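A structural walkthrough
One-letter residues, chain by chain:
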Amino acid sequence: MIGLGWASPPAHRLGTAALAAVPLAALVLFFLYPVGGMLARGFWPEGSFAPGEVLEVLGRPRVHRVLWFTLWSAVSATFVAVLVGLPVAFALHRLLFPGRDLVRALVVVPFVLPTVVVGVAFRQLIAPSGPLGSLGLDGTAIAIVAALVFFNISVVVRTVGAFWETIDPRREEAAAALGASPWQVLRTVTLPALLPGIVSAASVVFLFCATSFGVVLTMGGLRYANVETEIYLLTTQELDLSGAAALSVLQVLVIVALLALSARVRRSTAPVDRSTRRVPRPRRAHLPVLLWTATVVVFLMAPLASLVIASLRRGERWGLQNYRALGTTGERNALLVPATDGLLNSLGIALVASLLSLTLGSIVAFLVSRPAGGRTTGLLDGLFMLPLGVSAVTVGFGFLITLDRPPLDLRSSALLIPIAQAMVALPLVVRTVGPVLRSIDDRQRQAASSLGAGPMRVLLTVDLPVAWRALLAALGFAFAVSLGEFGATSFLARDDNPTLPVVIYRLIGQPGAENFGMAMAASVVLATTTAAVMFAVQRLRVGSMGAF
Amino acid sequence: MRQPMRPSAPRSVVCSLLAVSLLSGCGSSASSGEGDPKTLTVVTHDSWNMSKEVLGQFKAETGITVKVQPQGDAGQLTNKLVLTKNSPLADGVYGIDNSFASRAVDENVLASYDSKALPDSAEEFRLAGDGADRLTPVDYGDVCVNVDDTWFADKKLPAPMTLEDLTKPAYKDLFVTPGATTSSPGLAFLLATISAEGDDWPDFWKKLMANGAKVTSGWTDAYEVDFTAGGGKGDRPIVTSYSSSPPFTVPEGETQPTTHALLDTCFRQVEYAGVLKGAENPAGMEKFIDFMLGREFQEALPDNMYVYPVDRSATLPESWAEFAPVAPNPFLVDAVEISANRTEWLRAWRDITSR
């Protein structure tokens, strides 16, 4: 598929266009077209164009409050997540210590847990009757922001970490040798070099926070609403499509502004020198960073620990009975199929979805990292970020009203769920792989070309040796996202092959100590599976290194 | 058609690209058996949970295979049907309840079908007006305030009995309910108060909130985190749930539940089935509606979906008869009235509870 001849410019352009067509077609079909369909229903309420109703919605005081809350909760959560996550990214990607891979895998787990379960676990900690009840955090905005940070630290650690790994430490060492203090080195050498990675991570985290749905509903009770929960209510309960369209347009505007901002930052950065040197073992000077990392890991594991404890208990009795029950359909047949079937379904769907998003995402990352692209590639990069910033409700309902006729009668197809999940994971792949590819000095490729290497050979000898870590990280990430995905899945039609998050949601939505215990046990299984997958991906790359 | 964003490539090209990348052909959808009288697609709410044996019975009787597709809660389900009425999602629907029934009827998504299988005892559940022959009642459930008997016994406090009791100082800070805008039992509880208090319901809610009522977004939060007898051992012994919840609180090795439902606080939710307009297999759905009213399906309802059969002569499981009695005089609000006022009520309610 990548048989491009960029020996001659026109052929090069043709090849690029052909390559771009594949992910673009997927984006148009599975995102822009459905979302456009929903917006059209809002702008043409009775079949005639009536933008007045949409404008009227934007004047509502409630909409202003909702917009304000969305912005400040997402900005503060992003800020905190980046601040907290950076030292962890350093410790886990620039130092080598025993158990590092395990910690790396653990850090990702929160990101994939279904929000309803984490919400319940979080609230059990901070509710007045919980161990942290005295802090009075239950139902406050602080609790919402803390939960958003909890979910997104892993995005910062992984995206920035993958980037950090590839930066040559010799420049920092040179600065230090010339008498710069560690703080000066950080400020003048490390952070500027890291900036593209940080901006990349921050924009993804911001979009996740601004469109978070379960967290705001669960943690905020009904005192707080963001644009996403409001679209959900307007669409699924009030059927006020004009209102929902107005808010969706607002979402798109926010994303466009954000992307324009991050593109400016990125444009001002230069390629980075590479190093293939092994990362060092920690020294005494790294103690603060390691302590910080340990603290963050404790914060991330606290709700998980309460899940594990709850999963080992049924009523007053302790033991593994909840895990044994996962092979059954629950108390009084709460489920149609055993929970273990849900796990198998999830794994199968995640495999398809992650391969799909890796394929499409790598193509996009490859295209946007070409230095010659200029504005076109900026636009391409922005387009593929859109799925993160637009409401899952709008996309889900959009699928139903647009993909409804042959040859595109896909709305009840079993493929729709992996496709929807791949669209969610795609921006993450682009954001993980893109910055790394972009940081390659194009002169290396030119040198290879002038020495007679064809484009495929250039890709294999210049791009791939640098990018394979990021590619594997992206694959693992996409797999994990798909395993835990619930938002888009829940708005699409499901057949009777539920995924594990759907099973958990169903169990926790029924009374009964056994069902509750099973929901907790199933969540622990989901978390463990995710961690195992991430761990395996990290191990795998050692073997693949020999292949290049 | 207004289609602001058409695929840029011709569909056939897109399809062949996808066929390669997705290892599958386009249009491999459920409705591939177009007009096939041997398959039937039914969209339902997420609580659908009928055992495969019962559906197998339907297949044995009629030769029709039922494909079930859950589509969200009753509100989402109804709204999806309204949005897709020009090319229906399925042949039939099950799970529209009385709070959304009028929207489905008014928006004309349903074909008429008056099942001869509806028992006389179920006539009371039939909708009034246009809906009477569009939606067939299948089951019902009561949303009631539940109390933790163990907690009240420990505190030597008599448990509340009525809605008014919840505003009394003795029960300050003890009540938790899911919100009406985000939860179906939450909406049912709001409707119970509207039915009980009439136009004064906003005052009742102000008193309720002043008495420390806690509002969560969903049932799970209220029951599994804040309720003292739920999974999280919370600190509130009064919760909005179902009249069918108490049997779940029988501790292992014992025979008595630790909670009970207050039968004077209940709102009745009736769930309906109907044939969708434009269905490919309307005759199959009609047969399925008749089957849902038959004894086997009706008697399987309590154990599988925790609701009561509309057929009063159906036998209930023993524990239900004992621990999950239905409310003798539940609160009711007419479906047409709910449909006309829902948005206004919910906005007023939201203003009171988020103050």
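The coordinates are above.
Residues numbered from 1 in each chain as written. Chains lettered and ligands numbered in written order. Predicted model: local features only at pLDDT ≥ 70, side-chain atom pairs only at ≥ 80, totals over all residues. Heavy atoms only, no water.

Notes on the state of the cysteines
Residue and element names in this part refer to chain B. Condition: Note on terminology: disulfide denotes any pair of cysteine sulfur atoms within 2.5 Å. Think of it this way: any DSSP run of H or I at least four residues long counts as a helix, any run of E at least two long counts as a strand, and we number them from the N terminus. In this scheme, a residue with accessible area under 20% of its type's maximum is buried, one over 50% is exposed, and one in between is partly exposed, where area comes from a 1.4 Å probe on protein chains only.
One pass over the full model with this rule turns up one disulfide over all chains. A disulfide bridge connects Cys 144 with Cys 266, and the sulfur atoms are separated by 2.0 Å. Because the torsion about its S-S bond is 110 degrees, the bridge between Cys 144 and Cys 266 counts as right-handed. Within this pair, whereas Cys 144 is found in strand β5 (residues 136–148), its partner Cys 266 is found in the loop between β9 (259–261) and β10 (267–276), the two being separated by 122 residues in sequence. Residue Cys 266 is classed as buried on the basis of its relative accessible area, which comes to 1%.

Examining helix α10 (residues 295–305) of chain B
All names here are of chain B. In plain terms, the rule: Throughout, a residue-residue contact means that at least one pair of heavy atoms, one from each residue, lies within 4.5 Å.
Taken together, the buried positions of α10 are Phe 297, Gln 298, Ala 300, Leu 301, Pro 302, Asn 304 and Met 305. Of the surrounding elements, those touching the buried residues of α10 are α2 (52–62), β3 (92–97), β5, α9 (282–292), β11 (308–309) and α11 (318–323). Directly after α10, the chain includes Tyr 306, whose backbone phi takes a positive value near 60 degrees.

Observations concerning the pairing of β5(B)
Residues and elements named next belong to chain B. Formally: A pair of strands counts as paired when DSSP detects no fewer than two bridges linking them.
The buried fraction of β5 amounts to 13 of the 13 residues, a majority that puts the element mostly inside the structure. Note: β5 against strand β8 (residues 238–242), five bridges, orientation antiparallel. Counted as the bridge partner of Cys 144 is Ser 241 from β8. Strand direction decides the pairing type here: β5 and β9, joined by three bridges, are antiparallel. Counterpart to Asp 148 in the pairing with β9 is Thr 259.

Looking at the interface of chain B and chain A
Put simply, the rule reads: The term salt bridge refers to a pairing of a side-chain nitrogen on Lys or Arg with a carboxyl oxygen on Asp or Glu at a separation within 4 Å. The term polar contact refers here to a pair of N or O atoms within 3.5 Å; inside protein, the definition further demands a hydrogen-donor-capable atom paired with an acceptor-capable atom, and it admits residues adjacent in sequence only when both atoms are side-chain atoms. When residue character is reported, Ala, Val, Leu, Ile, Met, Phe, Trp, Tyr, Cys and Pro are called nonpolar, Asp, Glu, Lys and Arg charged, and the others, Gly included, polar.
Listed as interface residues are 78 residues of chain B and, on the opposing side, 76 residues of chain A. One salt bridge in this structure joins B:Arg347 and A:Glu238, with 3.0 Å as the shortest N-O distance. Where chain B touches chain A, the interface holds 15 residue pairs in polar contact (both at pLDDT 80 or more). In terms of residue class, the side of chain B that touches chain A is built from 28 nonpolar, 32 polar and 18 charged.

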